[in-house]
Each structure stands twice: as structure tokens, then as C-alpha cells.
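Structure at a glance
Read off the chains here:
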Amino acid sequence: MNILLNAGPWLPVPPPGYGGIENVVATLIPELRARGVRVVLASVGTSAIEVDELISVYADGQFPHLQKPYNQVMGIAHAHQARVAEELRRRDDIDLVHDHLEVVGPGVLAALDGPPVLHTLHWDLHKHAAFYDSFPHKIAVNGVSHSQLARAPEALRRAALGAVHLATPLAGTGLRVERGEHLVVMGRVCGLKGQHVAARICQKLDLPLTLAGPVSGLDTPAELEAVAQDPSHPLYGHPDVRYLVDHVSTYLDGDRATWIGSVGGEDRDRLYASARASLFPIQWDEPGGTAVVEALALGVPPVGLRRGCLPEIIDHGRTGFLADTEEELAEWILRVDEIDPEECRREAARRFSPAVMAERYLELYERAIRRSPVAAR
Ligand code: UDP
């Protein structure tokens, strides 16, 4: 099988630091290739993952532009997708397109008389109501959790072949380092991820906390500082920047409670693997939760609010804890040493390994090909 895997123009595959979708794509590709699938990757020029072919418009990731106003940013996704479309018009050896580009991906692909498409929905499906309500019927989709699909608009639920949980290469091979005392929140800094709740609880309980992740595309405290000093900067006043400055930093002392910016590679794995617990005080229905799966794989018990995909990833009391309120979350954090890290690792290896995810996708590729009008013709 020959597939074109579209990872979009935002970050390289694998990403140097933050990047949920790109991490999952990077996890999937070697598994597919090991099973004889030929992979043409549509991404950016700096993508270093081994593939059969790489196509791109942009030399490097466009993520820093993603926070700009719509009229300044929409051309990026379209330029990338126009390149994908051109490739599909030019050749006839692609059996399936596995697309991961929000809205623009299926929007453009539906207008082509091209190969069958499987589009993976990584997002909160309450966005884009008009688009999802009249979703292109030719395109098959999958969700990244059952709870995400259960809340999806009707048209999407009809098009969905099922949910495929996210996976991590850390499952089964996860780094083992000495456990520290710190708690960690690993994710982009924004109100949805709830860093302010983690920071408030840790201050109250006097527990050390490390917040890792970019804010509005800014990777370091120095970059944030520069933006905060410059009212003419496009990100000055950005909601996520304001969130960090106004609602999170009041709890940070730069010593026991810190925001360290984005971490990548081995630094990330080490910081994550040495944490006493991984906190998910989410303020939205998290659709997939790569960071939750990674926490399990590293034997770092996840403790979070009972929302979105968390209840289907975390088994309360066995592989982590789920709380309904902030007060309850604080209580479970204090009991985190009751969770056996080995049980977390075993769960990740059993349910969230790259092989499990790849087998599931191969099954969906076959189904997407079978039900496609192109295949029928
Ligand atoms: N991440 C990272 N460095 C950071 C913060 C996050 O490598 O400083 C990674 C994290 O490990 C995960 C991904 O970025 O793989 C975030 O994906 P997730 O699905 O958890 O969140 P979202 O896609 O909603 O931002």
C-alpha cells in the first residue's frame, strides 16, 4: 500500500518540542513502513523522519504564525494543501491519503477526484459547526477517543469509522530515571489546559511544580518577556499570553513553581519521567491526550479532572486518579504514591503502543478504501 500522510505545515515530524499531532504521526510512520506501507509525507522541509518521499512547500514549521489573525494565516494551510492536491493530480500510485490538517485538509481533498481519504479528527469538534454539519460525505474520518466522537455533530458521527487512541513510542521502552518530588504539567500553556489550577493547588499544598510547554508559539520565558515589553508585537495581548501573565504567573515563584517554556527530546523525557505525578486540570473536553498516554508510558501517574478522554485513558485508582472538583484533585494529588508506576507502564504498553495504533489504522485504511466511491468505480 502507498499512502500520502499529510501532517500539515505547522511543525516538523518529529517536532523538536511541543507537537501532539506531529508526535503521533512520527509514532505511526515507522510502524507503517515496517508493515510494508510506502509513506509519502506532506510536511515541512525540516522533517527529519525517515520516509519514502517528503513533499513540502515550507522549509520550516509555520507554528509561530498560527496565532496571527485569520486573514494573515489562512494562506499557510492552503498553500500547503494546494501542494498536496497538485501531487495527487500528478500521480496515480497513491492508494489512500491519511490527512491530519484541520478543516483545510478535508475541504480541499473533497473537491478532488483523488484517492480515498481518511481524515483524523484531532480537535474539539464543537468548532467549525457549519463545516462539520455538512461534512464532505466522500471522506472517512476517525476520532482519537470515543468520548470525542460521542459528542461530535451528527454528520461526523455518520462519517466516522471509529476512534483510534493516540500512542507513544515511550510505551514499552519508556525511560527509567529516579523519581523526583516535582509535579509536572506538560502541554501548551492556555486556559483549556488549566495550568492556573495546577499552580494554585501546588501553592496551597506547598508542592514543587514545573510547567512545560509553549505559550502562543513562544518557546522560552525570554521570548515571552520580549513580547510583554513590546505593545506593538502581534502577540502582545494574545489571550494565551495574558492567561500566563495574569492568571498563572501569580502562583509562580521561579524556584519551586516555574514555567520553563517548551522542552523537547531527551530533556522532555527526563523531566517527565522523573516527575512524581503528571497533572491534567483540564478545563475542556480534551479530545485525545498525547501527554496523558506519555505519562502512563513513563510510569508517572496522571491525575486530572474527569473530562473528555481522560476517563477512557486513566483507570481511576489503578493507573491514576480522576477528580470532579479542584478540591478533590488536591486530595488525589496527595495520594499519588498509591499508584504503582509499573501498572501505568504495563497499561501503556498494552493499549497505547505504536504497534497497537498502527494495526488499528491499517484496518481503517482498508475500510476507507472499500467504502470510497473511487474504489467502487
Ligand atoms: N510537549 C513537548 N514539550 C513541551 C510541551 C508538550 O514535547 O514543552 C508535547 C507533549 O509531550 C505531547 C504534545 O506536546 O506529546 C502535546 O500533545 P497533547 O495531545 O497532550 O496536547 P495538544 O495537542 O492539545 O496541545
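Residues numbered from 1 in each chain as written. Predicted model: local features only at pLDDT ≥ 70, side-chain atom pairs only at ≥ 80, totals over all residues. Heavy atoms only, no water.

1. Observations concerning the packing of aromatic side chains
How two aromatic rings sit relative to each other is set out by the distance from centre to centre and by the angle between their planes. All told, the structure shown has six aromatic pairs when counted by the stated rule. Geometrically, the ring pair formed by Tyr18 and Phe63 is tilted, given 5.6 Å between the ring centres and 35 degrees between the ring planes. One end of the pair, Tyr18, is in the loop between strand 1 (2-6) and helix 1 (20-34); the other, Phe63, is in the loop between strand 3 (53-55) and helix 2 (70-90), with 45 residues separating them in the sequence. Phe63 sits in the buried class, given a relative accessible area of 14%. (Phe/Tyr/Trp six-rings, centres within 6.5 Å; stacked < 30°, edge-to-face > 60°. Helix = DSSP H or I, 4+ residues; strand = E, 2+ residues; numbered from the N terminus. Buried < 20%, exposed > 50% of the residue type's maximum accessible area, 1.4 Å probe, protein only.)

2. Some details on the UniProt feature "domain: Glycosyl transferase family" (unreviewed entry) in the protein chain
Following the UniProt record, one finds the feature "domain: Glycosyl transferase family" (unreviewed entry) at residues 183-339. As annotated, residues 183-339 comprises 38% helix and 15% strand, and the C-alpha atoms at either end are separated by 14 Å. (UniProt positions renumbered as here; feature names shortened; annotations may be inferred.)

3. Thoughts on the UniProt feature "domain: Glycosyltransferase subfamily 4-like N-terminal" (unreviewed entry) in the protein chain
Following the UniProt record, one finds the feature "domain: Glycosyltransferase subfamily 4-like N-terminal" (unreviewed entry) at residues 18-135. As annotated, residues 18-135 has a helix share of 41% and a strand share of 14%, and its two end C-alpha atoms lie 29 Å apart.

4. Details of the pattern of salt bridges
This structure, assessed with the given rule, holds 37 salt bridges. Between Lys193 and Glu286 there is a salt bridge, and its shortest N-O distance comes to 2.8 Å. Remark: Glu286 occurs in the loop between strand 11 (277-280) and helix 11 (290-297) and Lys193 occurs in the loop between strand 8 (183-186) and helix 7 (195-205); sequence separation between them is 93 residues. Residue Lys193 shares its accessibility class with Glu286, and that shared class is buried. Among the ionic pairs, Arg318 bridges to Glu343, the shortest N-O distance being 2.6 Å. (Salt bridge = Lys/Arg side-chain N within 4 Å of Asp/Glu carboxyl O.)

5. What to know about the side chain of His196
For His196, the location among the structural elements is in helix 7. With residues up to four places along the chain from it excluded, the contact list for His196 reads Gly191, Tyr243, His247, Val248, Tyr251 and Gln283. (Contact = heavy atoms within 4.5 Å.)

6. Re the sheet that holds strand 10 (residues 257-261)
Taken in spatial order, the six strands line up as 10-9-8-11-12-13 in an open sheet, and their pairing is parallel. At either end of the open sheet lies a strand with only one pairing partner, and these are strand 10 and strand 13 (321-323). Between one strand axis and the next, the sheet turns by 25 degrees as a mean value, whatever way the strands run. The pairing of strand 11 with strand 12 (residues 302-305) spans three bridges and is parallel. Paired with Leu279 across the strands is Val303, a residue of strand 12. Each of strand 8, strand 11, strand 12 and strand 13 is contacted by helix 13 (residues 326-334), which is oriented at about 160 degrees to strand 13, the strand it contacts most. (Pairing = 2+ DSSP bridges. Axes fitted to C-alpha atoms, helices over the stretch in contact; angles between N-to-C directions.)

7. Structural notes on the nonpolar core
Ranked by size, the top nonpolar core spans 63 residues in total, and within it Leu209, Leu279 and Val303 carry the most contacts. At six residues, helix 11 tops the list of elements feeding residues into this core. Setting aside chain neighbours within four positions, we find Leu279 in contact with Leu183, Val184, Val185, Ala198, Cys202, Leu209, Val303 and Ile333. Ranked by size, the runner-up nonpolar core spans 56 residues in total, among them Val13, Val84, Val97 and Tyr132. (Core = buried A, V, L, I, M, F, W, Y, C linked by side-chain atoms within 4.5 Å.)

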